[in-house]
Amino acid sequence: LENLQPEIKELAQRLRYEVSVRGKQLGWSEKVARSHFARNMRRIVTELYIRDNCHPFKATLLLWVQVPMWVCVSLALRNCSVGALGSEVQEQFSSGGALWFTDLTAPDSTWILPVSLGLVNLLVVEV
């Protein structure tokens, strides 16, 4: 989208000039000329988005999927950690770890999991 901005700006100037010339020829009012400019500008911008395959909605699509998923996972983990699902779950968390983290209810004193999670998230964002 950023790469298209100079081209859109140039096309807008050219279209504004063409609409003003055509409006003077046909005796359009300022309101009619603005309407023609806006309609044609939307059409041109849409064609550019299609040409370069960069519709603005695509940039927000991941957000619309990721935010609800994050909320659901956060609530599920919170319910598990505060014992909302029963003491069985907390017992399983305290004895169900792997590698260096055998107790999932204890904080990670080595900081391996938080740092690795942060690095993986950074990698996903950058890629």
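Residues numbered from 1 in each chain as written. Predicted model: local features only at pLDDT ≥ 70, side-chain atom pairs only at ≥ 80, totals over all residues. Heavy atoms only, no water.

The protein carries the name COX18 protein in an unreviewed UniProt entry, which gives Calcarius ornatus as its organism. What UniProt records for the protein under Subcellular location (unreviewed entry) is the sentence "Membrane". (UniProt positions renumbered as here; feature names shortened; annotations may be inferred.)

Asks: Before we go on, may I ask you to explain a nonpolar patch on the surface in this structure?
Replies: On the surface, a cluster of nonpolar side chains totalling about 480 Å² of accessible area is made up of L63, V67, W70, V71 and L75. Structurally, W70 can be placed in helix α3 (residues 56–81). Since its relative accessible area comes to 59%, W70 is described here as exposed. (Patch = residues over 30% accessible without salt bridge, like charges linked within 9 Å, V, L, I, M, F, W, Y side chains within 5 Å. Areas by Shrake-Rupley, 256 points an atom, 1.4 Å probe, with all protein chains shown as cover. Salt bridge = Lys/Arg side-chain N within 4 Å of Asp/Glu carboxyl O. Helix = DSSP H or I, 4+ residues; strand = E, 2+ residues; numbered from the N terminus. Buried < 20%, exposed > 50% of the residue type's maximum accessible area, 1.4 Å probe, protein only.)

Asks: Even after reading the chapter, I still don't get the domain arrangement of the protein, so can you show me in this structure?
Replies: The extent of an interface is frequently quoted as the accessible surface area lost upon association of the parts. What the domain assignment reports for the protein is domain 1 (3–54) and domain 2 (60–126). Between the C-alpha centres of domain 1 and domain 2 the distance comes to 50 Å. (Domains from an automatic or database assignment.)

Asks: How should I be thinking about the layout of surface pockets in this particular structure?
Replies: Any space left empty among the atoms is revealed by the rolling of a water-sized probe across them. As a volume, the largest pocket reaches approximately 180 Å³. Residue assignment for the lining of the largest pocket shows that the elements contributing at least two residues are α1 (5–26) and α2 (30–52). Residue contributions to the lining of the largest pocket peak at five residues, all from α1. Residues of the lining of the largest pocket, tallied by class, amount to four nonpolar, three polar and four charged. (1 Å grid on protein atoms, 1.4 Å probe; cavity = no way out; pocket = protein on both sides within 12 Å on 5 of 7 lines; lining within 4 Å. Points joined across faces, edges and corners; volume = space filled by probe spheres on them. Nonpolar A, V, L, I, M, F, W, Y, C, P; charged D, E, K, R; others polar.)

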